[in-house]
Amino acid sequence: EKGGYATFMHKEIAEQPRAVAATLRGWTGGDDAPRFDSPGLDAPRFDSPGLDSPGIDSSGLDSPRSGSLRFDSPCSGSLGISDQALRDFDKVVFVACGTAFHAGLVAKHAVEQWARVPCEVELASEFRYRGPLLDARTLVVAVSQSGETMDTLMALRHAREQGSSVLAICNTNGSTLPREADAVLYTHAGPEVAVASTKAFLTQLVACYLVALHLARVRGAGARAEVAEAARDLAAMPGAVERVLAGMEPVRELARSLAGAGTGTVLFLGRHVGYPVALEGALKLKELAYMHAEGFAAGELKHGPIALVEEGLPVVVVVPSPRAQPVLHDKIVSNIQEIRARGARTVVIAEEGDEAVVPYADHVVRVPVVAPLLAPLVATVPLQVFACELALARGHEVDQPRNLAKSVTVE
Ligand code: M6R
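Named according to an unreviewed UniProt entry, the chain is Glutamine--fructose-6-phosphate aminotransferase [isomerizing] originating from Streptomyces typhae. The chain has a UniProt comment under Function (unreviewed entry) that states "Catalyzes the first step in hexosamine metabolism, converting fructose-6P into glucosamine-6P using glutamine as a nitrogen source." What UniProt records for the chain under Subunit (unreviewed entry) is the sentence "Homodimer."

J.: Hey, could you run me through the environment of Ala-361 in this one?
T.: Tracing the sequence through the fold places Ala-361 in the loop between strand 11 (345-351) and strand 12 (363-367). Between the C-alpha atoms of Ala-361 and Ile-336, which are 25 residues apart in sequence, the distance is 7.7 Å. Each residue touching Ala-361, except ones within four places of it in the same chain, is listed here: Arg-340, Thr-346 and Val-348.

J.: Got a minute to help me understand the packing of aromatic side chains in this structure?
T.: Counting across every chain of the model gives one aromatic pair. For the pair Trp-114 and Tyr-209, a centre-to-centre distance of 5.8 Å together with 45° between the ring planes defines the contact as tilted. On the criterion of sequence distance, the pair formed by Trp-114 in helix 4 (residues 98-115) and Tyr-209 in helix 8 (residues 199-218) is long-range, its members being 95 residues apart. The burial state of Trp-114 is the same as that of Tyr-209; both residues are buried. A cation sits over an aromatic face here: Arg-402 above Tyr-290, 3.9 Å from the ring centre.

J.: Can you walk me through the sheet that holds strand 10 (residues 314-318) in this structure?
T.: Sheet strands line up and pair through hydrogen bonds in the backbone, either parallel or antiparallel. On the basis of which strands lie adjacent, the open sheet formed by five strands has the order 9-8-10-11-12 and parallel pairing. Edge positions in the sheet fall to strand 9 (292-297) and strand 12, since each of these pairs with one other strand and no more. Sheet twist, expressed as the mean angle between neighbouring strand axes with direction ignored, is 20°. Where strand 11 lies against strand 12, five bridges are found, and the strand directions are parallel.

Cut-off values and rules
- Residues numbered from 1 in each chain as written.
- Predicted model: local features only at pLDDT ≥ 70, side-chain atom pairs only at ≥ 80, totals over all residues.
- Heavy atoms only, no water.
- UniProt positions renumbered as here; feature names shortened; annotations may be inferred.
- Helix = DSSP H or I, 4+ residues; strand = E, 2+ residues; numbered from the N terminus.
- Contact = heavy atoms within 4.5 Å.
- Phe/Tyr/Trp six-rings, centres within 6.5 Å; stacked < 30°, edge-to-face > 60°.
- Buried < 20%, exposed > 50% of the residue type's maximum accessible area, 1.4 Å probe, protein only.
- Lys NZ or Arg CZ within 6 Å of the ring centre and 35° of its normal.
- Pairing = 2+ DSSP bridges.
- Axes fitted to C-alpha atoms, helices over the stretch in contact; angles between N-to-C directions.

Encoded structure:
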């Protein structure tokens, strides 16, 4: 069942290029949509006639090590919500829990930046208890791997009671969430067995990007250069994720060395779309390694978290692109300098070619250059590997962490 991997986590981390490719292909609903032995693969509700041919080179889908997981165009799917309805929404609200919430935090950037629609993100467990302002002009997007998370379901029901339309992003075909939603966009991660979410997260990101691109297109923003660039880069993401996976041995070594050093706390810093990546990295480490881990927005460092920095504290920093986000990049390099000056052991996730970080980094993990909002798809992978390896080095069972259930079906 584990396909030769030591744990389901290893298997599911390795499957990510295929899962991303499958989710992209599922968007077009083509006849050759991938078979990934997933309940989530059957009958995705993309009832749009006249879809373009998916134009996929599927030669690589069976092997995570193969080179050409390309998908030509993410511009030809449908959400099962009419274009007019999508134009009429004046607000989008993402609701989700845990890792899926982190996907929602990234989605907010994509929806506002590409489609120019106001977008909020809320923990599903908080949503209905504060009387959110919802009406028929609000599109609520509920994101859930299992489709059975009680808080997310209750958020969906609350939104529908207020007259809002709900789009489910879900990995499990026929689960409660898509059955109760007005429309569904399935992710095609295949079954995720390990409790800690990995491939489901990457495919949730892909689905969120597809929603944002689709909104941009129907609302007349599809031709803008940054939207076109993002659509093009999204199609190439399976290969980019695969490249990251191929370079993970130094990350494993680092994790093992930290476990040996008796590290108790790890901080994660990021900003813009790197902030949800930092949150996700910290969540993985808590879940798997049972370590104190916190994710912070790097701009908040001076407002409190820097007091935690002491000699030898590992701090993982997700660095924005120097090319696409020079201002944020320079600010975060200053943050790295500040924490290094206070003795932190800096682990820097940086774009290939970003040399400015090198003087201040104890460890540099390289990720490919991609459109700036897509960076979480590559930057999250090293953090998954890091948490998994650190947990194993500390002697933990990574597939079934203590106290956690795969699906939280109670409030
Ligand atoms: O099935 P869901 O996506 O609704 O689950 C939401 C969270 O319970 C889930 O993402 C949880 O945080 C994971 N264990 C994280 O790895």
